[in-house]
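# Residue-level structure breakdown
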Amino acid sequence: MISLLEAVALIGRALAKGDDALADLVKPVRKPPKVDTIYLVKLDFRADSGVPLAVEMQEIDDAVLRGYRWIGNNVGSRPQFYLTTDRLEYLVGQTPENLLARLEEAGLENGSLYRRLSALVESFFRKLPEGSRVLDPQRLGVTTEDLLSATWEESAGKPRERAKAVVAAAAEAVKKWALGQLGLKKEEAALWTVLYNGAPLVSDADYATVVLRDKEGAVDKGEPGVCSVCGTPDRPVAWDFAQLNFLKYYITDKLGAASGLVEEGFTRNFQACKDCFQGLLRAESFAQQNLNLKVGPLSFLVLPAFLQEVGLTRADLEAWAQRLQARVGVLADISRWVEKIGGRGGLESELLDFLEDLALPFDNAALLNFLFYRKSKSEFRVLALVKDVAPSRITRLVEHSHRLANRAAALLGPDRWWLDLTAIYRLVPLSEGPRGAEYKKLLHIYHGLLTGAPLDRAFLIREFVALAKIYLTGNYAGTNVLPPKTGYEEREWTRRLLQANLFLQFLREENLLRGGSFLSKPLAVRELPEDIREYLKAMAYSEEEAALFLLGYLLNQVGQKQRDRGYENKPVLEKVNYNGMSWTKVVRLANILVDQLRQHDIFRYNEGLFAAMKKLLDARRHNWSLSPEENVFYILSGYAYATRAAIRARAEKQNDTKGGND
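As a starting point, this report considers the structure included with it. This structure is a prediction, so every number in the text was calculated from the model and none was measured.

For the protein chain, the helix and strand inventory stands at 24 helices and 18 strands. Each of the 662 residues in the protein chain was classed as buried or not, and the buried ones make up 52%. By element, 47% of the accessible surface of the protein chain is carried by carbon and sulfur atoms, the whole surface being about 31000 Å².

One finds L43, F45, F300, F370, Y446, L460 and F503 to be the most contacted residues of the largest nonpolar core, which totals 210 residues. The element contributing the most residues to this core is helix α21 (residues 543-564), with 10 residues. Not counting residues within four places of it along the chain, the set of residues in contact with F503 comprises L419, I424, L427, I445, L449, L460 and F464.

Picture a little ball the size of a water molecule; that probe, rolled over the atoms, points out where space is still empty. Going through the model one piece at a time under the given rule, you end up with 4 cavities of 30 Å³ or more. What lines the largest cavity is L43, F45, L83, L91, P96, L117, L120, F125, L135 and V194. Among the secondary structure elements, those contributing two or more residues to the lining of the largest cavity are β1 (39-45) and α5 (112-124). Considered class by class, the residues forming the lining of the largest cavity number 10 nonpolar, no polar and no charged. Size it by volume and the second largest cavity reaches roughly 40 Å³. As for the second largest cavity, its lining consists of L331, L397, L419, D420, L421, I424, L449 and F506. Among the residues forming the lining of the second largest cavity, the class breakdown is 7 nonpolar, no polar and 1 charged.

The full count for this structure, using the stated rule, is 24 salt bridges. Among the ionic pairs, R116 bridges to D204, the shortest N-O distance being 3.0 Å. Of the two residues, R116 is situated in helix α5 and D204 in the loop between β7 (199-200) and α9 (205-215); the sequence distance between them amounts to 88 residues. Of the charged contacts in the structure, one is a salt bridge between R457 and E545, with a shortest N-O distance of 2.8 Å. You can see R457 sitting in helix α18 (residues 457-473) and its partner E545 sitting in helix α21, a full 88 residues away along the chain. With respect to class, R457 is no different from E545; both count as buried. Salt bridges sharing partners connect three or more residues here, namely R126, D136, R139 and D146.

So, about the packing of helix α22 (residues 583-599) against helix α23 (residues 603-619). Running from N to C, α22 and α23 cross one another at 165°; their axes reach a closest spacing of 11 Å. Considering the angle they form, α22 stands roughly antiparallel to α23. Between α22 and α23 the crossing geometry is left-handed. From α22, W583, V586, A590, V594, L597 and R598 reach across to α23, where they touch F603, N606, F610, M613 and L617. Classifying every residue of the contact of α22 with α23 by side-chain character gives 9 nonpolar, 1 polar and 1 charged.

Another point: helix α11 (residues 274-290). In a regular helix each residue adds 1.5 Å, so 17 residues correspond to 24 Å; α11 covers 24 Å between its end C-alpha atoms and thus fits that length. Taking burial as the measure, the 17 residues of α11 include 13 buried ones, the bulk of the element.

Right, let's get into the layout of surface pockets. In this structure, the second largest pocket encloses a volume near 850 Å³. D415, R416, E492, R495 and R496 are, among the 34 residues lining the second largest pocket, the residues nearest its centre. For the lining of the second largest pocket, the secondary-structure elements that each account for two or more residues are β11 (292-295), α13 (334-341), α16 (421-427), α19 (489-509) and α24 (628-661).

Contact geometry for α21 and α23: axes closest at 8 Å, N-to-C directions at 145°. Judged by the sense of rotation from one axis to the other, the crossing of α21 with α23 is left-handed. Across from E543, A546, A547, L550, L551, Y553, L554 and Q557 in α21, the residues of α23 making contact are N606, L609, F610, A612, M613, L616 and L617.

Let us look at the pairing of strand β12 (residues 298-306). Extensive coverage of β12 is indicated by the burial of 9 of its 9 residues. Here β12 shows no split at all, with L298, F300, V302, P304 and F306 on one side and S299, L301, L303 and A305 on the other all buried. Both β11 and β12 contribute to a ladder of 4 bridges, which runs antiparallel. Among the inter-strand pairings, L293 is bridged to a residue of β12, identified as F300. The pairing of β12 with strand β13 (residues 366-375) spans 8 bridges and is antiparallel. Bridging from a neighbouring strand, V302 pairs with F370 of β13.

Here the focus is the sheet that holds strand β9 (residues 235-238). Strand order in the open sheet formed by 3 strands is β8-β9-β10, and the pairing between neighbours is antiparallel. At either end of the open sheet lies a strand with only one pairing partner, and these are β8 (224-225) and β10 (272-273). Summarising the sheet, β9 and β10 pair through 2 bridges and their orientation is antiparallel. Residue pairing across strands places V237 opposite C273, the latter belonging to β10.

With respect to the secondary-structure elements, Q505 resides in helix α19. There is a polar contact of 2.4 Å between the side chain of Q505 and the side chain of R508. Among residues more than four places away in sequence, those in contact with Q505 are L404, R407, A538, M539 and A540.

On inspection of all chains with the given rule, the structure shows 19 aromatic pairs. Both rings, one in F45 and one in F124, keep their centres 5.6 Å apart while their planes meet at 35°; by these two values the pair is tilted. Of this pair, F45 sits in strand β1 while F124 sits in helix α5; the two residues are 79 residues apart in sequence, bridging distant segments of the chain. Residue F124 is classed as buried on the basis of its relative accessible area of 6%. Pairing Y541 with Y634 gives two aromatic rings, centres 5.2 Å apart and planes at 85°, and the pair type is edge-to-face. Of this pair, Y541 sits in the loop between α20 (530-538) and α21 while Y634 sits in helix α24, and the two are 93 residues apart along the sequence. Exposure class is identical for Y541 and Y634. Each is buried. An aromatic cluster is defined as three or more aromatic residues linked by ring pairs; in this entry it consists of F464, Y535, Y541, F549, Y553, F633, Y634 and Y641. Above the ring of F603, the side-chain terminus of R598 is found at 4.5 Å from the ring centroid.

What counts and what doesn't
- Residues numbered from 1 in each chain as written.
- Predicted model: local features only at pLDDT ≥ 70, side-chain atom pairs only at ≥ 80, totals over all residues.
- Heavy atoms only, no water.
- Helix = DSSP H or I, 4+ residues; strand = E, 2+ residues; numbered from the N terminus.
- Buried < 20%, exposed > 50% of the residue type's maximum accessible area, 1.4 Å probe, protein only.
- Areas by Shrake-Rupley, 256 points an atom, 1.4 Å probe, with all protein chains shown as cover.
- Core = buried A, V, L, I, M, F, W, Y, C linked by side-chain atoms within 4.5 Å.
- Contact = heavy atoms within 4.5 Å.
- 1 Å grid on protein atoms, 1.4 Å probe; cavity = no way out; pocket = protein on both sides within 12 Å on 5 of 7 lines; lining within 4 Å.
- Points joined across faces, edges and corners; volume = space filled by probe spheres on them.
- Nonpolar A, V, L, I, M, F, W, Y, C, P; charged D, E, K, R; others polar.
- Salt bridge = Lys/Arg side-chain N within 4 Å of Asp/Glu carboxyl O.
- Axes fitted to C-alpha atoms, helices over the stretch in contact; angles between N-to-C directions.
- Parallel < 35°, antiparallel > 145°, perpendicular 65-115°, else oblique.
- Left-handed = near helix turned anticlockwise from the far one by under 90°.
- Expected span 1.5 Å × (residues − 1).
- Pairing = 2+ DSSP bridges.
- Polar contact = N/O pair within 3.5 Å; in protein donor to acceptor, adjacent residues only side chain to side chain.
- Phe/Tyr/Trp six-rings, centres within 6.5 Å; stacked < 30°, edge-to-face > 60°.
- Lys NZ or Arg CZ within 6 Å of the ring centre and 35° of its normal.

Next comes the structure, spelled out in structure tokens:
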């Protein structure tokens, strides 16, 4: 993992050429749903004034976040002492005293921040019976009653729990008063900060000093050693990286990860000097803001690793990150890019121009690391790391996907046929649990795509059949599969299954498909209609696969007749076992179908297709090689193709009718 850490540290070194280390740690603020504008609420404490507390608000933008130094809250059980926060109870309770303690540890008791904060605490905070201090709404004129005493008496439990209840009550009282003064809704007040006599306390230089000192404290207290990142010897180094976010997943401080299972062994794992550690802090924040993307609910970071020192300036890095995010963003979700350019006209040339414009000046000197993760309020959980992906591979995958989508449009009609990471996410059913979806299968597929590692065909087909089963049985609960709109169920699952066929062909053309009958004798059935023959050829179907495809096509013809006669769920589909069908059951289904075709008086229209199917089945009856799951997949694929053909025919008929009317 040292190579990844070195890569991130290089980003940090480029950022370090700026002049405000704290500014690089600033975080974005997530806007709640259905809220147009969010605000920073400023609590202005005034000494020797008839109005001890004034309140004002400011709309949040990047400048406000930097100016008021929103860097999040301390994670876990670490003491809170940041003066800009999204948790008002921190400012009402522990933050001021904790910050005073940090200033004392840093020897900054004579500074302006310490004096002003001490005066604020002395004037407006009260000590509870268990010793902690809490902002007193009564002293501020926010309430007329002694809220602190009343809440302490009314609460139960240990002193610490009672103190927590008092802080919550005080925070709620201040919040209600402040929002009432400003005419704000609760959801609109995203951040809170402290002013003293009109001056923001976060602007004091001592504040930045103690915040950075806290984050780098482990290094300042470290023993001299060799930095694992830059290799510099005889500098204070540390191996305690609890202040890091996603990187600490790889630099663990658990004893079981130490060399020799002893505390001294951490120094042989990974250690960093102050400059490199600060670089890691800065780079983490930068990556999460500028190199962060999503596939559905799944988040991932794209971290460049440079093979050599390339002399990036801060401006270079920001421009490089913007282009990289745009390029990978197309691979993640082409539909967003299509919407951005406003349609599909000339898409092939526009895509190539777009990718060419995103060419990176250091492409040949960089490899990309894809870090997939899940984040909650209390946890940053790394799900997978895909290492050493060449930037050119992203372009190749996007271009190939789009070429195949164009071929699909010619074979199946216009639709969203492109195979980006989001489309693939929709093809793989995932179980949803209390901690979210289980992404292991999906990430295995992404790893293969990005690194060129072959994927098992049988595994993919099992997943595609499981997807079809969810749609056909309506068992969406507990999965990542979204229920289609009423009346569009069949249209949706058949489109997904056709897209699954495209994905198999995509992998085949990329030499990423392991196993399967596509290595057997190619299909040669001349009596098929041209459109079906062209599709089977384009998808490289074998004789066995084509036989099942035609069986599924005929299944669809019977199903359509059943629907026309008033059946809602097409009883013939109940003859397909979605858990798998052996060769014997396939033959039995074929025999049932011929009877159904005659019963609905449509055999004469499908006699040629039935004959071709029977010929292909008979040719392989003694050496059938497909698995029960593959049998189901190709039967349903034929059904899906027939559904799509019917939709396309109706659309063309409507267009012809409109054209005639014109």
